[in-house]
Amino acid sequence: YGGEGPNALLSAHTGESNATWALHSSRSSGLRVSGAGRVYNAAANAISLHYAAGPPLSSDYSVRTLFRYLSNLSSFGGPCGRSSTTVLTHYLVNINPETVSLVDLYIDLYRIVAGSATLLSRYTAAHTLDQDFLVELGMRGSEIRVSVDSTERIAVTDSNITLAGRAGLSIENS
């Protein structure tokens, strides 16, 4: 955590490796960083998408996030990859609490092209409040993979998004 005040906008935050973040032009609600260094979306009924300001060296890279649910509220999101900075196009791992029993998490892999989302695959995981888990989105050519706590859970072949884009993070509150 870069030392900014509590609840600072992510776009004003400088990461450990001096990385900075930008709010995607298709979104008006910015993510915030808590005093504990956790990223969250404070706006109700809003989707926020930030991307890393620096581009990756190629379109083959991974995006990792340490995720923790603190409550069973209607909040979901996760890491993005190959994110366009101008059009709402990217791969997204959407981590979403199952709302009936509140026991499971749905970990969904989406392809979003020009704002249109397609569910590519789903993994259902046990849901424990206030427990960290590591989610990784890996992209190597047309192989798109999702790992949870270093175990591969989703693997698909998809060649619809090939440009490197940027690594990002999306969180929605409803």
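Now for a look at the structure at hand. Note that the coordinates shown come from a computational prediction; the quantities given were computed from them, not determined experimentally.

**Quick word on the overall build of the chain**
Within the chain one finds zero helices and 14 strands. Order of helices (α) and strands (β) in the chain, N terminus to C terminus: β-β-β-β-β-β-β-β-β-β-β-β-β-β. For the chain, with 174 residues in total, the buried portion stands at 39%. Sequence separation of 24 or more characterises 57% of the internal contacts of the chain that already satisfy a separation of 6 or more. Accessible surface for the chain amounts to roughly 8,600 Å². Of this, 49% is attributable to carbon and sulfur atoms.

**Focus: the nonpolar core**
Within the largest apolar cluster, 21 residues are counted, with the highest numbers of intra-cluster contacts made by Val93, Ile95, Leu109, Leu137 and Val146. Elements represented by at least two residues in this core include exactly β6 (61–67), β8 (90–97), β9 (104–113), β11 (133–140), β12 (143–148) and β13 (151–157). Counting residues per element, this core draws most heavily on β11, at four residues. With residues near it in sequence (within four places) discarded, leucine 137 still touches Tyr61, Ser62, Val63, Pro79, Cys80, Gly81, Tyr91, Val93, Leu109, Ile144, Arg145 and Val146. Listed in part, the five residues of the second largest apolar core include Leu49, Cys80, Leu92 and Ile112.

**Here we look at the environment of aspartate 149**
By the secondary structure assignment, aspartate 149 is in the loop between β12 and β13. Linking aspartate 149 and phenylalanine 133, residues 16 residues apart in sequence, is a C-alpha distance of 5.8 Å. Apart from the residues within four sequence positions on either side, aspartate 149 is in contact with Phe133 and Leu134.

Rules behind the numbers
Residues numbered from 1 in each chain as written. Predicted model: local features only at pLDDT ≥ 70, side-chain atom pairs only at ≥ 80, totals over all residues. Heavy atoms only, no water. Helix = DSSP H or I, 4+ residues; strand = E, 2+ residues; numbered from the N terminus. Buried < 20%, exposed > 50% of the residue type's maximum accessible area, 1.4 Å probe, protein only. Contact = heavy atoms within 4.5 Å. Areas by Shrake-Rupley, 256 points an atom, 1.4 Å probe, with all protein chains shown as cover. Core = buried A, V, L, I, M, F, W, Y, C linked by side-chain atoms within 4.5 Å.

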